[in-house]
Amino acid sequence: MTYEECWMERDNEVRIFIETNHRNPSKYYDGERQEARFLKQSRELMNAGEMQSGRVDAYTQ
């Protein structure tokens, strides 16, 4: 599995979590900590303009 495929899989997991629970993952719950960190890092990269163009397209849909 390539790094890009791993990233897309994690992104889909976070999106499903948000759609299912109607909230963002919390850093205070052990089961949600990794998803919260992934979401935070992705947003920071996107806001700084450092995220890859293919990934930015996934966030702007």
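Here, the structure is the one placed above.
Residues numbered from 1 in each chain as written. Predicted model: local features only at pLDDT ≥ 70, side-chain atom pairs only at ≥ 80, totals over all residues. Heavy atoms only, no water.

**Remarks on the overall build of the protein chain**
Formally: Numbering of helices and strands starts at the N terminus; helices are DSSP runs of H or I of at least 4 residues and strands are runs of E of at least 2. Remark: exposure states derive from per-residue accessible area (1.4 Å probe, protein chains only) relative to the maximum for the residue type, with buried under 20%, exposed over 50%, and partly exposed in between. Contact criterion: two residues are considered in contact whenever any of their non-hydrogen atoms come within 4.5 Å of each other. Note on areas: Shrake-Rupley, 1.4 Å probe, and residue coverage restricted to the protein chains presented here. His is not counted, nor are the chain ends, whereas Lys and Arg count as positive and Asp and Glu as negative. Lys charges are placed at NZ, Arg charges at CZ, Asp charges at CG and Glu charges at CD.
The secondary structure content of the protein chain amounts to three helices and zero strands. Sorting the 61 residues of the protein chain into buried and exposed places 25% on the buried side. For the protein chain, the proportion of contacts with a sequence separation of at least 24, taken over those separated by at least 6, is 38%. Here the protein chain displays about 4800 Å² of accessible surface, and carbon together with sulfur accounts for 48% of that area. Of the side-chain charges in the protein chain, 9 are positive and 12 negative, and the distance between the mean point of each set is 8 Å.

**Considerations on the environment of Glu44**
Checked against the element boundaries, Glu44 lands in helix 2 (residues 33–48). You can call Glu44 partly exposed: its relative accessible area is 46%. Each C-alpha atom of the pair Glu44 and Gly31 lies 22 Å from the other, and the pair is 13 residues apart in sequence.

**Digging into the environment of Met46**
Among the secondary structure elements, Met46 is positioned in helix 2. Look at Met46 and you get partly exposed, because its relative accessible area is 29%. Remark: the alpha-carbon pair of Met46 and Asn24, spanning 22 residues in sequence, is separated by 17 Å.

**Concerning helix 2**
The condition is simple: The span one expects for a helix is its residue count, reduced by one, times 1.5 Å. It is the directions from the helix axis to the C-beta atoms whose arc is reported.
Between its first and last C-alpha, helix 2 extends 23 Å over 16 residues, near the 22 Å set by a 1.5 Å rise per residue. All buried positions along helix 2 are accounted for by Glu35, Ala36, Phe38, Leu39 and Ser42. Angular distribution of buried residues about the axis of helix 2 spans 160°; they occupy a single face of the element. Facing away from the buried side of helix 2, by more than 90 degrees, are the exposed residues Gln34, Arg37, Lys40 and Asn47. Where helix 2 ends, the next residue or the one after it, Gly49, has phi of about 80°, a positive value.

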